[in-house]
Amino acid sequence: MLLLTFEGIDGSGKSTQARRLRQFLEEEGHDTLVVREPGGTELSERVRSLLLEPDFNVHPMAELLLFSAARAQLVAERIRPALEAGRIVICDRFYDSTTAYQGAGRGVADPAWLQDFHQRVTEGLTPDRTYLVEVDAATARARRSEDGAPNDRMEAAGDDFYERVADAYDALATSAPERIVRLDGHQPIEVLHEQVKADVVSQLADRGTPLSGTGSSDT
Ligand code: ADP
Ligand code: TYD
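Residues numbered from 1 in each chain as written. Chains lettered and ligands numbered in written order. Predicted model: local features only at pLDDT ≥ 70, side-chain atom pairs only at ≥ 80, totals over all residues. Heavy atoms only, no water.

## A few points about the packing of helix α6 (residues 137–147) against helix α7 (residues 159–175)
Closest axis-to-axis distance for the α6/α7 pair is 9 Å, and the angle between their directions is 120 degrees. Crossing of α6 against α7: the hand is right-handed. Counted together, A137, R141 and R144 of α6 and D159, Y162 and E163 of α7 form the full contact between these two elements. A class-by-class count of the residues in the contact of α6 with α7 yields two nonpolar, no polar and four charged. (Axes fitted to C-alpha atoms, helices over the stretch in contact; angles between N-to-C directions. Helix = DSSP H or I, 4+ residues; strand = E, 2+ residues; numbered from the N terminus. Left-handed = near helix turned anticlockwise from the far one by under 90°. Contact = heavy atoms within 4.5 Å. Nonpolar A, V, L, I, M, F, W, Y, C, P; charged D, E, K, R; others polar.)

What follows is the structure, given as structure tokens:
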């Protein structure tokens, strides 16, 4: 019924916001599905392992196609059926990540080509709302190291890579202001959550959907 995506560079805090939103929607009794990209299906999780394995040699075009293959499967197997069943789907990353990381970060393809490609991969599915958590590369790096999780292959890239990715997100937000909501990710978690919540509530109101369902949720 509603597809909400979260975007930002690694360590921006977008997974924290996706989790917080899910908690809020669950408390309101909304039927919610939360998925992460790449992942969410058996095939997509296996592709994720290939893509994130440290020190693995992956050609940039192969990287673009593998992230997109994982997405095609996730959309067909889980996202589209959930939307058709009237559920709210929260996706931690979606095709804007490919535009930013593979398009700008790796320099594989230009945004116009990618926009057309993404529509084919998702069979025309566009997020209703995309929350872009913007932080500078140094803040994101500090948050990643506080996290304690080991670095994956993508995170081996330096600050200059993340600056290209952040610039691409900035350009995307400028080109699609009706869909992409910018959030200043340097603010505290709860302040950001209030901003996301206010926007989601207004999106639901626009669709005539009150915050009072009786649904379940899963991952
Ligand atoms: P991402 O999913 O974008 O990689 P996470 O949500 O996993 O980022 O957050 C990375 C780390 O930063 C976590 O330790 C999280 O608790 C912390 N964090 C998230 N949002 C904020 C924030 N607004 N301010 C300070 N720390 C944050
Ligand atoms: P993940 O651990 O989920 O990172 P994060 O917590 O920051 O979301 O790893 C996903 C990595 O894959 C991350 O570095 C971003 C990258 N990625 C792409 O390069 N292209 C894509 O299309 C997607 C979905 C992710």
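Next comes the rest of the write-up.
## As for a negative patch on the surface
On the surface, a cluster of negative charge is contributed by D136, D160, E163 and D167. Assignment of secondary structure puts D136 in the loop between β4 (129–134) and α6. Note on D136: relative accessible area 36%, which makes it partly exposed. (Patch = residues over 30% accessible without salt bridge, like charges linked within 9 Å, V, L, I, M, F, W, Y side chains within 5 Å. Areas by Shrake-Rupley, 256 points an atom, 1.4 Å probe, with all protein chains shown as cover. Salt bridge = Lys/Arg side-chain N within 4 Å of Asp/Glu carboxyl O. Lys, Arg positive; Asp, Glu negative; His and termini not counted. Charge placed at Lys NZ, Arg CZ, Asp CG, Glu CD. Buried < 20%, exposed > 50% of the residue type's maximum accessible area, 1.4 Å probe, protein only.)

## A short note on the site of ligand 1
Surveying the vicinity of ligand 1 reveals 15 residues, the closest of which are G11, G13, S15, T16 and Q187. In this structure, an oxygen atom belonging to ligand 1 sits 2.9 Å away from a main-chain N or O atom of G13. Residue S15 places a side-chain N or O atom 2.4 Å away from an oxygen atom belonging to ligand 1. When ligand 1 sits alone it has 560 Å² of accessible area, and the protein chains cover 75% of it. (Near = heavy atom within 4 Å. Polar contact = N/O pair within 3.5 Å; in protein donor to acceptor, adjacent residues only side chain to side chain.)

## Things to note about the site of ligand 2
Lining the immediate environment of ligand 2, one finds 15 residues, of which D10, K14, R93, T98 and Q102 sit closest. Within the contact set of ligand 2, an oxygen atom lies 2.6 Å away from a side-chain nitrogen or oxygen of D10. A distance of 2.8 Å is found between an oxygen atom of ligand 2 and a side-chain nitrogen or oxygen belonging to R93. Considered on its own, ligand 2 offers 550 Å² of accessible surface; in the complex 90% of this is hidden by protein. Of the pockets mapped on this structure, ligand 2 occupies the largest pocket. Those elements that place two or more of their residues in the shell around ligand 2 are α1 (14–27), α2 (42–52), α3 (60–84) and α4 (95–105). (1 Å grid on protein atoms, 1.4 Å probe; cavity = no way out; pocket = protein on both sides within 12 Å on 5 of 7 lines; lining within 4 Å. Sits in = over half its atoms within 2 Å of the grid points.)

## Re the environment of I180
On the secondary structure map, I180 appears in strand β5 (residues 180–184). By relative accessible area, which is 7% here, I180 ends up buried. With 130 residues separating them in the primary sequence, I180 and L50 have C-alpha atoms 30 Å apart. Apart from residues no more than four positions distant in its own chain, I180 is found in contact with D96, T130, L132, L172 and A173.

## Remarks on the environment of P127
The topology assignment puts P127 in the loop between α5 (111–121) and β4. Taking the relative accessible area as the measure of exposure, P127 reaches 4% and is therefore buried. Excluding residues within four positions of it along the chain, P127 makes contact with L3, T5, F94, Y95 and R179.

## Details of the layout of surface pockets
Taken as a whole, the largest pocket encloses approximately 1100 Å³ of empty space. If you go around the largest pocket, you meet 42 residues; those closest to its centre are G11, K14, S15, D147 and E155. Residue assignment for the lining of the largest pocket shows that the elements contributing at least two residues are α1, β2 (32–36), α2, α3, α4, α6 and α8 (189–206). When residues of the lining of the largest pocket are assigned to their parent elements, the largest contribution, seven residues, is made by α1. Partitioning the lining of the largest pocket into residue classes produces 13 nonpolar, 13 polar and 16 charged. The set of elements that each furnish at least two residues to the lining of the second largest pocket consists of α4, α5 and α7. In terms of residue class, the lining of the second largest pocket is made up of eight nonpolar, four polar and one charged. (Points joined across faces, edges and corners; volume = space filled by probe spheres on them.)

## Side note on the packing of aromatic side chains
Considering all chains together, one arrives at six aromatic pairs under this definition. Every member of this aromatic cluster is reached through a ring pair, and the members are Y101, F161 and Y162. Its guanidinium or amino end placed over the ring of F94, R71 lies 5.8 Å from that ring's centre, counting from NZ or CZ. The side chain of R144 reaches across the aromatic face of Y162, ending 4.5 Å from its centre. (Phe/Tyr/Trp six-rings, centres within 6.5 Å; stacked < 30°, edge-to-face > 60°. Lys NZ or Arg CZ within 6 Å of the ring centre and 35° of its normal.)

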